[in-house]
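# Working through the structure, step by step
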Amino acid sequence: MDQYKKPYKKLIYNEINKINCQNVPPNQQKEAIQLLALTKGPSYSAVCTWLTCAPLNDGSGNYTVTSIKLSLVNGIKSAFIDIDFSVFVNVTSITLGQGIYPSKLLDSLTKLTSLTYIDVDTINSTYTDSLLVMPKTMNSIKIMNIGTKLGVNFFNSQAYLVYIHNGLQGYELPSNFPSTFPVNDKLIWLDLPVRQGSGFPSNIGSSFKNLNNLQLYIQNGKFDASYQDFDFPTFSAPFFNLTKFTINFINFDSNYNLAYPYQTWPFPSNLLNISSNLNQFEIINNGFNKSNTDLDFSFVKADSFILSFAGGDNRYYSPLESCDFIRCTSTKPCLKLPPKTNLKLYWCYLDISTFDFKNVSSFTMSQNKLNQTFPVQIFNFNQENFYIEIKDNNFTGTVPEEFCYLKMGNFYFGNNDFSDVPTCFSCLGTRYFGLYDPTYVSVNPYGTNFPQSGTTCVTFNFTNQYNNIAKTDGSTVLTLYGKDFGWYINDPLYLSVGIPNKYLLLSVPKGIGSGSQSTGFSNGRFLSFNYTYEVPEITSFYYNSSDNPKLLIGGTGFNFIGKNNVTIDGVVHTFSEANSYLYNGSIYPIVVMNNFPNGNKFTVSIKVGNTESKSVTFYLNSSSGGGSTTSGSTTTSPGSTTTTSSGSTTTTSSVSTTSSGSTSSNPQTTSSTDGKSDHPSSSSILNVSIFSFVCLIVSIIV
């Protein structure tokens, strides 16, 4: 039963708390009751029921208002608030909804020393900026509509966000920030409207050094005869840390009634060097006219760059007006882009075939209503993770085959006028894509070129012409080229899709002899891919003749999953699986043995599974003593070999070599009689220092 009592106890406690906290200071009580009456009605007088209160810390048992959040109710359409907000000395946040018009709020801010947040729908009353001292606790200012002149002190705050959306009649900005203005290093996000008569501070970049995000709402709609053309904002100095810049042309009213005509400007050249840290630039709706100069964004140094143009709803504008500023001429586009650009075009009537988008790594385009084939040649589809979304346009012809080779989820092309698709799509059918349908509903709702179910798909195939020789150490990745096999495979294990519908990757595991990997495909087919492991080959040795002598045999094709049988001068020695030793950027398989036999030369071979390597003869330096490290090579020509001992080179003459076939079944007695040397040249020998060798031995022992 206790679990049912707890919520009721909490509710009772809250109600008692509300009753007790009615005892707020008289000046707060008076202004709060008036505030509630104007926004909710005269019967709303319980201050701490509708406003947030907290106990005072003076031991009096009284409460104080700490948060004001009000909206109009009970049919009240508007409320003109003339109260003195400065009495709420402990308030931390003020939120006033639509239709509430406070006349003294900005003048009250100086005394609200605990205020951190204001969110107000409309401020259209004047204030005295010279007397304003913004609270040091302020971190966020949001004003939806403003109709007053803002002075420099309004911007001299600790707020990280200042959001002002719409400028009303009477709205003005400082023409410049004075040199004595204390630079606001806290402001990160700033949204400002610009309209006729508002002006704009041209040195805003140097006044807010840590500003990251700037959005300007340019109110250029000519709704009535009173509209007067004004200058587009200029920037006398670039920004220090600006990363995102958005220009949003507002040529529609609050009811989204579009203005026509509207004012336009040439694209300002100083926007092209507004910030060296820029990584996102957006232009929304129509406001720039045809440009006479290149829009060169190649100055951007960011790892990736987002560039977005939205021409506005073309149902209301002439097609030639949408995104007109990047059209330049009919033969030469003026848009230059840096590598890894994410380009977005909405409501732009553009013949994109005249552009060069090879630096575009992500492309989104919709509502381009010009009938045209898709110009695949202007893009670089070979980029890793290339993304393209061209749904809701009027593209005609056949969907380019390049879409077959993109990752699932990286392409959309539906709701166009395409009449056909490549076989990679028709082989699988629309059902293959499930909830993710890149065709939107289909390529052509009235056609049959993209059926719901897949076809027999005669174009599905894999070529047999691939390198099927694999290393035994598990480092080999085979490329298996095919066509129209889809985007996914079933039970892949060591197989993966490299490029959809183009090739698979087979990561061959460690092994010996031969092997195969099998997988199923989305079209119901099932295939196996075979491979053969390389023949073992000995290429070098390393010998330490200390009190605990070690012999290391280097080469390729050794057994990394089982025993290695090494034959030295006719005697078979069995070792565990080979190790991989990384040296100078290469991996050398090795086996290690103790008690190397006495003598100045030895013949060695290795048997891996049922395959025997060729026998090779190595020579030791006869002068080497205990504790020295000797690196050996096979002979470089009949009758001579080069050995290395303690950094010096010695040549031993009149020495014959032996070589045996790679499938010998009796390594103890097989020898070469053709007089040729089958040993690697000295250039293939790995010379290791005593230090490297000691480190290797220690690592093996450990």
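Below, the structure is looked at part by part. Just so it is clear, the structure is predicted and the values come from calculations on it, not from any experiment. (Residues numbered from 1 in each chain as written. Predicted model: local features only at pLDDT ≥ 70, side-chain atom pairs only at ≥ 80, totals over all residues. Heavy atoms only, no water.)

Turning next to the state of the cysteines. One pass over the full model with this rule turns up four disulfides. Each sulfur of the disulfide joining Cys323 and Cys348 lies 1.7 Å from the other. Handedness of the Cys323-Cys348 disulfide follows from its S-S torsion of about -45°: it is left-handed. Of this pair, Cys323 sits in the loop between β14 (305–310) and β15 (335–336) while Cys348 sits in the loop between β16 (341–346) and β17 (360–366), and the two are 25 residues apart along the sequence. Exposure class is identical for Cys323 and Cys348. Each is buried. (Disulfide = S-S within 2.5 Å. Helix = DSSP H or I, 4+ residues; strand = E, 2+ residues; numbered from the N terminus. Buried < 20%, exposed > 50% of the residue type's maximum accessible area, 1.4 Å probe, protein only.)

Moving on to the nonpolar core. Ranked by internal contacts, the top residues of the largest apolar core, which has 121 residues, are Phe154, Phe245, Phe281, Phe357 and Phe363. When residues in this core are grouped by element, the largest group, four residues, is from strand β2 (residues 63–70). Once residues within four sequence positions are removed from consideration, Phe245 is found in contact with Leu214, Leu216, Phe235, Leu271, Ile274, Leu278, Gln280, Phe281 and Glu282. (Core = buried A, V, L, I, M, F, W, Y, C linked by side-chain atoms within 4.5 Å. Contact = heavy atoms within 4.5 Å.)

The three strands are arranged β18-β20-β22 in an open sheet whose pairing can be described as parallel. For this open sheet the edge positions go to β18 (372–373) and β22 (417–420), each flanked by a neighbour on one side alone. (Pairing = 2+ DSSP bridges.)

A separate point is the layout of surface pockets. Estimates place the volume of the largest pocket at around 680 Å³. Along its surface, the largest pocket is lined by 23 residues, and Asn166, Gln219, Ile250, Phe252 and Asp253 are the ones closest to its centre. Mapped onto the lining of the largest pocket, the elements with two or more residues apiece are β7 (140–146) and β8 (161–167). When residues of the lining of the largest pocket are assigned to their parent elements, the largest contribution, three residues, is made by β8. Residues of the lining of the largest pocket, tallied by class, amount to eight nonpolar, 12 polar and three charged. (1 Å grid on protein atoms, 1.4 Å probe; cavity = no way out; pocket = protein on both sides within 12 Å on 5 of 7 lines; lining within 4 Å. Points joined across faces, edges and corners; volume = space filled by probe spheres on them. Nonpolar A, V, L, I, M, F, W, Y, C, P; charged D, E, K, R; others polar.)

Let us look at the side chain of Ser202. Along the chain, Ser202 turns up in the loop between β9 (189–194) and α5 (204–207). Given the relative accessible area of 15%, Ser202 is considered buried. A distance of 3.2 Å separates the side chain of Ser202 from the side chain of Asn176, its partner in a polar contact. The contact partners of Ser202, leaving out residues within four places of it in the chain, are Ser175, Asn176, Thr234, Phe235, Ser236 and Ala237. (Polar contact = N/O pair within 3.5 Å; in protein donor to acceptor, adjacent residues only side chain to side chain.)

Before going further, it helps to examine the side chain of Asp473. Note on placement: Asp473 falls in the loop between β24 (469–470) and β25 (477–483). We note that Asp473 is buried and unpaired, the nearest opposite charge coming from Lys471 at a distance of 6.1 Å. In this structure the side chain of Asp473 is engaged in a polar contact, spanning 2.7 Å, whose partner is the side chain of Ser475. When residues no more than four places from it in sequence are discounted, the contact partners of Asp473 are Lys510, Phe560 and Ser580. (Lys, Arg positive; Asp, Glu negative; His and termini not counted. Salt bridge = Lys/Arg side-chain N within 4 Å of Asp/Glu carboxyl O.)

On their own, these measurements won't tell you what the molecule is for.
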